Amino acid sequence: MTDLTAQLADQVRAATAAATPLRIEGGGTRAWYGRPVDGQPLKLADHKGVIDYDPSELVITARAGTPMAEIETLLAEHHQMLCFEPPSFGAAGTLGGAVATGLSGPRRPFTGALRDYVLGVRVLDGQGEALRFGGTVFKNVAGFDAFRLMAGAQGSLGVLLDVSLRVFPRPRVERSLAFDLSRDAGRDWIIEQMRRPLPLSGAFHDGHRLHVRLSGGEAAVASAAAEFGGEDEALDLWPQVRDLTHPAFQGSPVLWRIALPQTAPLPEFDGRLAWDWAGGVAWLAADEIDPQVWTWAARMDGHATLFRGAKGQVFQPLASPILKLHQRIKAALDPASVFNPGRMYEGL
Amino acid sequence: MMDGPALRAAEDFAHAGYPKSAAAILLCELDGAAHDVEEEIARVTALLTTSGASEVRLARDEDERKRFWAGRKGAFPAVGRIAPDYYCIDGTIPRRSLPKVLTEIGRLAESHGLGVANVFHAGDGNLHPLILYDAGKPGDMEAAEALGGAILELCVEVGGAITGEHGVGREKINQMCSQFSDAEREAFFALKRAFDPKGLLNPGKTIPTLARCAEYGHMHVHAGQVSHPHLERF
Amino acid sequence: MLDQFDARLDADFAALPPERLRAVLSPLLPKGGFVADVESLRAFESDGLAAYRSLPACVVLPETVDEVRAVLAACSELGVPVVARGAGTGLSGGALPFPGSVLLSMAKFNKILEIDPRARIARVQPGVRNLAISEAVAAMGLFYAPDPSSQIACSIGGNVAENAGGVHCLKYGLTVHNILKLEVVTIDGELMTIGSEALDSAGFDLMALMTGSEGLLGIVTEVMVKLTPLPEVARVLLACFDDVEVAAGAVATIMPPGSCPPAWR
Ligand SMILES: Cc1cc2nc3c(=O)[nH]c(=O)nc-3n(C[C@H](O)[C@H](O)[C@H](O)COP(=O)(O)OP(=O)(O)OC[C@H]3O[C@@H](n4cnc5c(N)ncnc54)[C@H](O)[C@@H]3O)c2cc1C
């Protein structure tokens, strides 16, 4: 339990005064997600500890350097969880890193994204001033939702100090089923199922088989499983999908994540193709970067990200008016451009 | 959830089937797969009974379910019939502070000489105290405005927010000075300038200027730094 | 009272003669789309917070996105403030006219543009009423989940601007959790697409920033909403209490371990 706000604020003020860029570091497990930042490290890992957790309020507030593993263990002790199922890329992963990168796991299309569970943040702005946006209550529309804006902003709008997350009780039962359906047939099938109020919590195709997870009350899960058929399988598959350790994501120099409308056609590029998020995200394991992927993703109203093998560009290029707006937003909160400059895009 | 004055007004207006003698009622909707809902009904009924409900009734059919909700949805116009005017407040608080806040709202209403009927989204701590007043009576509207402001500041003090769903707009512009610091409000203005450099879109709303907050004279009362010493801190 | 704006405490703009506004704006609008007589302006003097009243310089009622763009670009050029208005059910005076402003009514944008039951989405204009979406998709077994009590009257554009909630938001989320994509016109008249039909987008989460921005950042001209499958059954419990504080205490306990996580999609 250490509150390093004062020291961190001093470092930010010094950096702003000297116009020295800062590279914000949590546990370092997601450093690869984004472009390299040339700057002085601003270390958050020791700014840690759970500040408040009352299971009956369904909210946890912790400092940004708190290991995610510690938070998840604490929640599990109270039969609660983070519904966005954050991936883990190593035991050192911190809350700040999870929120700054904004990644959500296989549950995302069924129960929402990380940003949907962020209730409030405290951040350091470019002047080293601690600002609080949002709070600890779910219904809160006072002021702009700057707290949701921080989710996935990669630290480029401020240094996350603490975060309040909404938590939920764990489902009573979970089951995983496997089906011998092709990528396309499996996707069509899950799209049809999602038009019904079923207790779905995962739909992943590894390139060979479809995997479906059910979560909820005993009766609803049992009746859906009986109707679906399929083959019972171990639930351990899902952490592998979440953390990208499943073989479908491994063994290639390049790994693309392509987010696309669930009913858009699947991409047809060289490489091995799997999908998650009920067909809303395609994962392409390829030998080299085919720049056509960017254009194709944009045409589909989606976007691509290089999870492995990036050279320069990591994230989908932004349309020029949108990039300019991003630059103005960054300048609004970080006028001296000291926070992770260039991590998302060149010139941002 | 509705308190006595609100539920009686709603019952007279919508004939929802609420017990008029109750001090408060709570409506709890459970939806989903048929089997699950049956299980949930049993679980929640037991919980409500152990937490002190004098009676728990399940709507018999779709008709009764709609009637129960019609009473809630019609609560505002219903209250409009028990007082010449009413003013709907919209703050959010952590659920655990609900009993304290209710007591305090009662106290504040008394000191402002006005009545209050309470309607809440209980599950998420969003309060809608309805302040009863008479615009025809000199000073009543101003008293209602002042009482509303005091209730919202109370919400901030217990760690909540000045608006759960109705927005700041013009109405809560002064209370924004309580919930946010100068630097936080300046960050909002900076974000606005990123879209609207001349400040032409909806001026005078949502984010108060430094001058307004200085004039309004209220301290920034983030949860923890507070003025009502008799309130328990969380 | 707060319906009195104060140049020193709020904002100050050079007043423009009404003839000038008419001369510039009226040609950009369809017939009847420019209103400036005091009698007609009265209909727009307040929103759902009726105690606050104030008159704009004029009301404009564009019918196309290009007209919205032209009007905003002209207002930006003239330095005239603009207040957007949906259905006017807001309870915080968000659509209360600023003195001397152009009140931009989105009432004519009342069409559902597309419903795709397979993708569970609908594309709608901002003036469409909240309930009209659920009514249009009910036969497909779907609904638009956020259900503010004002849903028969309030507009989806107003819902986005306020991040409206509803009776069922604990389970189904607020407006921000149920929209995918927005078309927004900036004060300079530029049209921007924010968000996408995919579940996330590159860059900052501008959807989160626009939702709940109360008409301060841009004018919403189109909304893509998510549709949710109708639940199989819905039952309601009515619990009675003899004591308000006991009822308040009970509220904190009715989220038992094992409840379903939310159904945001
Ligand atoms: C009886 C009653 C019950 C209510 N219950 C609820 C409830 O349960 N939950 C809830 O959240 N709210 C509730 N409200 C409040 C209100 O209905 C909501 O805030 C609603 O979202 C407002 O929509 P509107 O179309 O009427 O917007 P308006 O009142 O016309 O405008 C609201 C704000 O949105 C802006 N705006 C409108 N359209 C656009 C656009 N196209 N682009 C940009 N900005 C725009 C306006 O400038 C203004 O700031 C209730 C209101 C009433 C009268």
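Below or above, wherever it landed, is the structure these notes cover.

Remarks on the site of the ligand
Argument step 1. The ligand sits among 32 residues. The nearest are C:Ala84, C:Gly86, C:Thr89, C:Ser150 and C:Ser155.
Argument step 2. Surrounding the ligand is a set of residues that belongs to chains B and C.
Argument step 3. Between the ligand and the protein, one listed contact pairs an oxygen atom with a backbone N or O atom of C:Gly86 at 2.7 Å.
Argument step 4. Interatomic distance of 2.8 Å between a side-chain N/O atom of C:Asn159 and an oxygen atom of the ligand.
Argument step 5. Bound to the protein, the ligand loses 94% of the 980 Å² it would expose on its own.
Argument step 6. The set of elements that each furnish at least two residues to the shell around the ligand consists of strand E3 (82-85), helix H5 (156-162) and strand E10 (219-226) of chain C.
Argument step 7. Examining the composition of the shell around the ligand, we find that 5 residues originate from one element, H5(C), more than from any other.
Argument step 8. Here the residues of the shell around the ligand sort into 12 nonpolar, 16 polar and 4 charged.
Argument step 9. If you count residues domain by domain, the shell around the ligand takes at least three from each of domain 1 (18-105) and domain 2 (112-229) of chain C.

Observations regarding the side chain of B:Asn174
Argument step 1. Tracing the sequence through the fold places B:Asn174 in the loop between helix H6 (140-157) and helix H7 (176-179).
Argument step 2. In this structure B:Asn174 touches B:Arg212, B:Tyr216 and C:Leu2, once residues within four positions along its chain are discounted.

A few points about the sheet that holds strand E2 (residues 58-60) of chain C
All names here are of chain C.
Argument step 1. A sheet is described by the order of its strands in space; here 4 strands give the open sequence E1-E2-E4-E3, paired in mixed fashion. Strand pairing shows two members of the sheet lacking a second neighbour, strand E1 (34-35) and E3, which therefore form its edges.
Argument step 2. Taken together, the 4 bridges between E3 and strand E4 (residues 102-105) define a ladder with parallel strand orientation. Opposite Val83, over in E4, you have Leu103 as the bridge partner.

Considerations on the interface of chain B and chain C
Argument step 1. Of the residues lining the interface, 84 residues belong to chain B; the matching set on chain C comes to 76 residues.
Argument step 2. In this assembly, chain B packs against chain C so that about 7,400 Å² is buried in total across both faces, 62% of it on carbon and sulfur atoms.
Argument step 3. Looking only at chain B, the three residues that lose the most surface to chain C are B:Arg170, B:Phe195 and B:Leu201, adding up to 11% of its buried area.
Argument step 4. Scanning the region where chain B abuts chain C turns up 42 residue pairs in polar contact (both at pLDDT 80 or more).
Argument step 5. Of all the elements in the fold, those that place two or more residues in the side of chain B that touches chain C are strand E2 (24-32), helix H2 (34-50), strand E3 (55-58), helix H3 (62-73), helix H5 (98-112), H6, helix H8 (182-195) and helix H9 (210-216) of chain B.
Argument step 6. Split by residue class, the side of chain B that touches chain C holds 40 nonpolar, 18 polar and 26 charged.

Calculation criteria
- Residues numbered from 1 in each chain as written.
- Chains lettered and ligands numbered in written order.
- Predicted model: local features only at pLDDT ≥ 70, side-chain atom pairs only at ≥ 80, totals over all residues.
- Heavy atoms only, no water.
- Near = heavy atom within 4 Å.
- Polar contact = N/O pair within 3.5 Å; in protein donor to acceptor, adjacent residues only side chain to side chain.
- Areas by Shrake-Rupley, 256 points an atom, 1.4 Å probe, with all protein chains shown as cover.
- Helix = DSSP H or I, 4+ residues; strand = E, 2+ residues; numbered from the N terminus.
- Nonpolar A, V, L, I, M, F, W, Y, C, P; charged D, E, K, R; others polar.
- Domains from an automatic or database assignment.
- Contact = heavy atoms within 4.5 Å.
- Pairing = 2+ DSSP bridges.
- Buried area = accessible area lost by both parts, 1.4 Å probe.

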